[in-house]
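A closer look at the structure
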Amino acid sequence: MDFYEVIKTRRSVRSYKEDEISEDVLKRVLDAARIAPSGSNRQPWKFIIIKEQERRQKIAKLCHNQLFIADAPVVIVGCGRDIHYNRGGWMEECSVIIDVAIAFDHLTLAARAEGLGTCWIGSFDNDEIKDFLNIPEDVNVVAITPLGYPEKDSVFCESNDRLPLEEIIYHETWGKK
Ligand SMILES: Cc1cc2nc3c(=O)[nH]c(=O)nc-3n(C[C@H](O)[C@H](O)[C@H](O)COP(=O)(O)O)c2cc1C
């Protein structure tokens, strides 16, 4: 699938079929996260793959009751270890979040290329999920996604709710269009 087709038609999917995901496909999607860039190549991430139905349901509840998450056959919890490295300047505190987010974006795009849906979940109870999944103290949950085949393939369509380029691009200096 063409790269631009992938990024244009990735959508947040909130309705899933129960169809299993083959291990080969799952591995390719996870490998896309593995090869992501990170500050000083620290790779501060771990990804917890949850397939057991009751555990998926528990995670969905801990995502402030976003129950559709559990409808997908796989739920992925993206975690980052705060290793206190400095990306430079004011972003120090954010480094781990940035790195895990880049890897997670790789994952969501690879999923789209495989015909799989994802939905980036940022609304969740970090402490409760850490407790449930035995995540160590110095590790936090950064992002969660269900992973599965969409109920309807038509969900993969181009968005029409993004700002136009003219509104987000400046030339040479802030404010110059
Ligand atoms: C950091 C982040 C957090 C998000 N959290 C949630 C969430 O908790 N629940 C949800 O249904 N969608 C969530 N989304 C999905 C956004 O609502 C969605 O990406 C946005 O509306 C654009 O739609 P699209 O993904 O279909 O292009 C999140 C997306 C991002 C990037």
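Just above sits the structure.
None of these values were measured; they are calculated from a predicted model.

1. Focus on the environment of Arg81
- In this fold, Arg81 is placed in strand S2 (residues 74–81).
- Arg81 sits 19 residues away from Val100 along the chain, and the two C-alpha atoms are 9.4 Å apart.

2. Here's the deal with the environment of Ile69
- As for its placement among the helices and strands, Ile69 is situated in the loop between helix H3 (53–62) and S2.
- Considering only alpha carbons, one finds Ile69 and Phe47, 22 residues apart in sequence, at a separation of 16 Å.
- With residues near it in sequence (within four places) discarded, Ile69 still touches Arg56, Ile59, Ala60, Cys63, Val75, Ile121 and Pro146.

3. Quick notes on the environment of Glu52
- Looking at the secondary structure, you find Glu52 in the loop between strand S1 (45–50) and H3.
- Judged by the 9 C-beta atoms lying within 10 Å of it, Glu52 is exposed.
- Sequence separation between Glu52 and Ile144 is 92 residues; the distance between their C-alpha atoms is 16 Å.

4. Section: the pairing of S2
- Within S2, seven of the eight residues are buried, which leaves it mostly tucked inside the rest of the structure.
- The sheet contact formed by S1 and S2 spans six bridges and is antiparallel. Among the inter-strand pairings, Ile50 is bridged to a residue of S2, identified as Val75.
- Judged from the eight bridges that link them, S2 and strand S4 (residues 139–148) form a sheet pairing that is antiparallel. Directly across from Val77, in S4, lies its bridge partner Ile144.

5. Considering H3
- Residues of H3 that are buried include every one of Arg56, Ile59, Ala60 and Leu62, and no others. For H3, the angular spread of the buried residues around the axis is 165°, confining them to a single face. Exposed and oriented more than 90 degrees from the buried face of H3 are Gln53 and Glu54.
- In this fold, the buried residues of H3 make contact with S1, S2, helix H5 (126–132) and S4.
- Directly beyond the C-terminal end of H3, a positive phi value near 50° is found at His64.

6. Here we look at the nonpolar core
- Of all hydrophobic cores here, the largest spans 36 residues; its most connected members are Ile59, Cys63, Ile69, Val75, Val77, Leu107 and Ile144.
- The set of elements that each furnish at least two residues to this core consists of helix H2 (23–34), S1, H3, S2, helix H4 (95–113) and S4.
- Examining the composition of this core, we find that seven residues originate from one element, H4, more than from any other.

7. A closer look at the sheet that holds strand S3 (residues 117–118)
- Spatially, S1-S2-S4-S3 is the arrangement adopted by the four strands of the open sheet, whose pairing is antiparallel. Strand pairing shows two members of the sheet lacking a second neighbour, S1 and S3, which therefore form its edges.
- Sheet analysis places S3 next to S4, joined by two bridges and oriented antiparallel. Its bridge partner being in S4, Gly117 is matched across the sheet by Gly148.

8. A closer look at the packing of H2 against H4
- Two numbers describe how H2 lies on H4: the axes approach to 7 Å, and their chain directions differ by 150°. On the basis of the axis angle, H2 is roughly antiparallel to H4. Pair H2 / H4 crosses with right-handed handedness. Only Ala103, Phe104, His106, Leu107, Ala110 and Ala111 of H4 make contact with H2, whose side of the interface consists of Arg28, Val29, Leu30, Ala32 and Ala33.
- Residues belonging to the contact of H2 with H4 are distributed by class as follows: nine nonpolar, one polar and one charged.

Rules behind the numbers
Residues numbered from 1 in each chain as written. Predicted model: local features only at pLDDT ≥ 70, side-chain atom pairs only at ≥ 80, totals over all residues. Helix = DSSP H or I, 4+ residues; strand = E, 2+ residues; numbered from the N terminus. Contact = placed C-beta atoms within 7 Å. Buried ≥ 20, exposed ≤ 12 C-beta atoms within 10 Å, placed from the backbone. Pairing = 2+ DSSP bridges. Arc of directions from axis to C-beta. Core = buried A, V, L, I, M, F, W, Y, C linked by C-beta atoms within 7 Å. Axes fitted to C-alpha atoms, helices over the stretch in contact; angles between N-to-C directions. Parallel < 35°, antiparallel > 145°, perpendicular 65-115°, else oblique. Left-handed = near helix turned anticlockwise from the far one by under 90°. Nonpolar A, V, L, I, M, F, W, Y, C, P; charged D, E, K, R; others polar.

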